[in-house]
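Commentary on secondary and tertiary structure
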Amino acid sequence: MEAASVSSPARPRGAGAWEFISKYGLIALLLALPTVYGVIDLVNDGNLARLGNNLVAGLSNGAIWALIALGYTLVYGIIELINFAHGEVFMIGSFVAFGLYGTLGLTESTGAGGLALGLFVALLISMLAASSLNVMIERVAYRPLRGAPKLAPLITAVGVSFILQNVGILWRGGSQRGIPDLIQAQRQLFEIAGVAVSRADALAILVTIPLVFLLTNFVTRSRLGKAMRATAQDPEAARLMGINVDTTISLTFLLGGLLAGAAGIIYALYQTQVWFFQGFTAGLIAFTAAVMGGIGNLRGAVLGGVIIGIIQQIADNRIGVQWTPAVIFAYLVIIMIFRPQGLIGEETREAG
Amino acid sequence: MSTLGGLRQKRWASWLPAVVALVAVFLFPLFFDPLDSQTSDATTALAYVVFALGLNIVVGFAGLLDLGYVAFYAFGALTAGWLASDHFTGAGGDSGIDFGVSSFAASLPGIHLNFLLIVIGAIVVCAIAGAIIGLPTLRLRGDYIAIVTLAFGEIIGRVAQNGDEIKIGDYAFSNGRESISPIDQLNFPFVGEFDSATNVRPYFWAVFALLLVVLFVNLRLRDSRLGRAWVALREDEVAAVSMGVPLVKTKLMAYAIGAAFGGISGAFLGVFLNSVNANQFQFGFSIFILAMVILGGLGSIWGVVIGAVALSFVNSYLIPDVLDQGFVGDFVKDIGLDFSFQQVSFGVFGFILVLMMVLRPEGLLPERRRKIELTEGVGTGEDLYEARA
């Protein structure tokens, strides 16, 4: 893998205007849905409670997408591969979490203290399971293809994704499966001006924030994080500086897997159902989030996740659940056309 | 063998296996009953070969990874649904609009056109759709192209599945989760209408004829100026463009022609299956076809044909009839596992993708040039996709 940062030639006239339109046009497009429905709400109900509820639910959903999106962004940042199997790693994380309910004896009647402890243990184990899986995938399926044309690992990633989906089918069957609602996810915690915040919303946001904080600190402050950033910038030079590139790449998959596992258990608690196909949809949504924020950029992934979460909630609630994927993919295509480097448009090596 | 005649003889010798194989395929249905399921499986298989040849143009020749190929199955089949059923009831009055169909089909409401017109319609619709989908990918690199095409494939699948909510005038885009059915029997000019209720063989020969046309076009394209331009772009975009290969036109032609072949096959399958079921338009189908191309060998026409036949065989015979029924299925039950291989057939295709990419990326029957690229690293690495026009 060579560094490929082609120094951009003298910018043609009008490039500044194009930049302006592509950036602010995208922001305008993202604000379009909330604004339109906000106005409709104001006209019809006289208040913004419905939109507020959409935003809260969007924020907590977005937290889950952000965790998955971070995995995409980390991996893409370092080996320029869209890890198609990442969504399936998240799905396996959910399945492991559900399996642990039984192992740890967590039921809907478990007391608060036991539940908190049990869920914390389940969180750790799901994160470990998902990260080991992710590291294993890298070792078996991607590492042999390092140096091959980029088409090859991409196709492999799609293949791995399908294999894992079918592992999911064998494990828990082919249909959606309801699981115990341990935390009474939809119970309202508090309400401000008609905007209800449920336990699930609080859980998703409260678990996500420290994880994201830890991750960004790890990547920006620690020695290993420095090695990761060096490898992302230029693998060849990093190797010459004595960084073990293979280990660093494994570490990246490990971190991505940890976050996917956390997202998996939050999703299981939040949605109280799991199925083998959840990873495919979630993977594409999270990838959209990663690209929207600017792939390779950690803050961007979180921002993108939250934005996509809100768009998804509004689409679910106003346009119809069956159209939500189409709406999100339409956003994906539009971003790809007009601003492939994303909202936080740093000139990274990867930006198209 | 240095004389011209000698060379010509040698060239014919290399064609001989292909000719023998084609004759054998032509005679294939005569070994079975007119309604035998082997014949209809083989008919579907040949339709898949046409799909795979179309995808091979985009992925194999031009090196653009298209993960949304199912879109053209959808458009081709929907074209057949629109032009050969009572979907547009009321169009053209009680007896509908008809051209070149049997008197029975002509008496039905809706639009009923001759199959040849449907194929032409599907080619036009899909070529336009292919170019439109290709347009936004022109400035993108390999993996982004994959994602954009995947997104388009999913959008089109969703639109087809919820098409009953999209109304243009009085008519819906599709029947949503319900199929558009029944679709007219296949009707070629001068041949007359087929009847799949009594004899499937004509359908086999019809798709075989379509396949021969597609195969011929493919072979000619490969050696044409356009085909060489595709390979040049695949190997090194910057070099190709500076040698005067028109980037936009060449890439869009790859998308459009690949899509058109998908449309032909989609229209045929719509007619052959007698219904257009939007639930089939899933990402898995794109992967199924991609696995055929990868298995056979990216860019290798005969390889892709073999890969497609092999995977169709796995899909329609090996998995349901051998693995699930035979000793493998018994063994699985004996060790206490409760599953059928049909449930996980896409896992099998995924496994094939991984296995091929890791062990033999050039495919079963590799194309020479592609093999060099994939194994020895000529034109490999990032510069393959990094280039910007």
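Residues numbered from 1 in each chain as written. Chains lettered and ligands numbered in written order. Predicted model: local features only at pLDDT ≥ 70, side-chain atom pairs only at ≥ 80, totals over all residues.

1. Here's the deal with the overall build of chain A
- From N to C terminus, chain A includes 12 helices and 4 strands.
- Over its C-alpha trace chain A gives a radius of gyration of 21 Å, about what one expects of a compact globule, namely 20 Å for 352 residues.
- With the C-alpha coordinates aligned to their principal axes, the bounding extent of chain A is approximately 60 × 50 × 35 Å.
- Intrachain contacts of chain A at a sequence separation of at least 6 include 77% that bridge at least 24 residues. (Helix = DSSP H or I, 4+ residues; strand = E, 2+ residues; numbered from the N terminus. Rg over C-alpha atoms; globule rule 2.2 N^0.38 Å. Contact = placed C-beta atoms within 7 Å.)

2. With respect to the interface of chain B and chain A
- Between chain B and chain A, the contact holds 41 residues from the first and 39 residues from the second.
- Listing elements by their share of the side of chain B that touches chain A, those giving two or more residues are α6 (142-161), α11 (283-296), α14 (345-359), α15 (368-376) and α16 (383-386) of chain B.
- Broken down by element, the residue count for the side of chain B that touches chain A peaks at 12 residues, all from α6(B).
- Taken together, the residues of the side of chain B that touches chain A sort by class into 26 nonpolar, 8 polar and 7 charged. (Nonpolar A, V, L, I, M, F, W, Y, C, P; charged D, E, K, R; others polar.)

3. Notes on the sheet that holds strand β2 (residues 97-99) of chain B
All names here are of chain B.
- The mixed open sheet is built from 3 strands, whose spatial order is β1-β3-β2. One side of each edge strand has no neighbouring strand; the edge strands of this open sheet are β1 (84-85) and β2.
- Of the strand pairs in this sheet, β2 and strand β3 (residues 111-113) are connected by 3 bridges, and their pairing is parallel. Within the sheet, the bridge partner assigned to D98 lies in β3 and is H112. (Pairing = 2+ DSSP bridges.)

4. Let's talk about the confidence of the model for chain B
All names here are of chain B.
- Residues of chain B with pLDDT of at least 70 account for 92%, and the chain-wide mean is 84.
- Below pLDDT 50 for its whole length, residues 378-389 participates in 26 contacts with residues either more than four positions away or in separate chains.
- The ipTM value of the predicted complex is 0.84, and its pTM value is 0.87. (pLDDT = per-residue confidence, 0-100.)

5. Focus on unusual backbone geometry
- You will see that T272(A), though not glycine, has its phi angle at about 50°, which is positive.
- Tracing the chain through its elements places T272(A) in the loop between α9 (245-271) and β4 (273-274).
- According to the C-beta neighbour criterion, T272(A) is partly exposed, with 19 such atoms within 10 Å.
- One non-glycine residue, N274(B), lies in the positive phi region at around 70°.
- Summarising the element assignment, N274(B) is placed in the loop between α10 (247-273) and α11. (Buried ≥ 20, exposed ≤ 12 C-beta atoms within 10 Å, placed from the backbone.)

6. Observations concerning the confidence of the model for chain A
Residue and element names in this part refer to chain A.
- Averaged over every residue, the pLDDT of chain A is 86; residues scoring 70 or more account for 94%.
- The spread of mean pLDDT over the elements of chain A runs between strand β2 (residues 188-192), the lowest at 81, and α9, the highest at 94.
- Low pLDDT, under 50, characterises residues 1-9; the stretch is placed with 12 contacts to residues that sit more than four places away or in other chains.
- Within the model, pLDDT remains below 50 along residues 347-352, and this stretch shows 18 contacts once partners closer than five positions in the same chain are excluded.

7. Digging into helix α6 (residues 199-221) of chain A
Residues and elements named next belong to chain A.
- Taking 1.5 Å per residue as the helical rise, α6 with its 23 residues ought to reach 33 Å, and the 33 Å between its terminal C-alpha atoms agrees with that figure.
- Within the sequence span of α6, burial applies to A200, D201, L203, A204, V207, T208, L211, V212, L215 and V219.
- Looking at the buried positions of α6, the neighbouring elements they touch are α2 (49-79), β3 (195-198), α7 (223-233), α9 and α11 (298-319). (Expected span 1.5 Å × (residues − 1).)

8. Here's the deal with the packing of α2(A) against helix α10 (residues 278-293) of chain A
Residue and element names in this part refer to chain A.
- The geometry of α2 relative to α10 is characterised by a closest axis approach of 8 Å and an angle of 70° between their N-to-C directions. One finds that α2 runs roughly perpendicular with respect to α10. Across from W65, A66, I68, A69, Y72 and T73 in α2, the residues of α10 making contact are A282, G283, I285, A286, F287, A289 and A290.
- Looking at the contact of α2 with α10, its residues break down into 11 nonpolar, 2 polar and no charged. (Axes fitted to C-alpha atoms, helices over the stretch in contact; angles between N-to-C directions. Parallel < 35°, antiparallel > 145°, perpendicular 65-115°, else oblique.)

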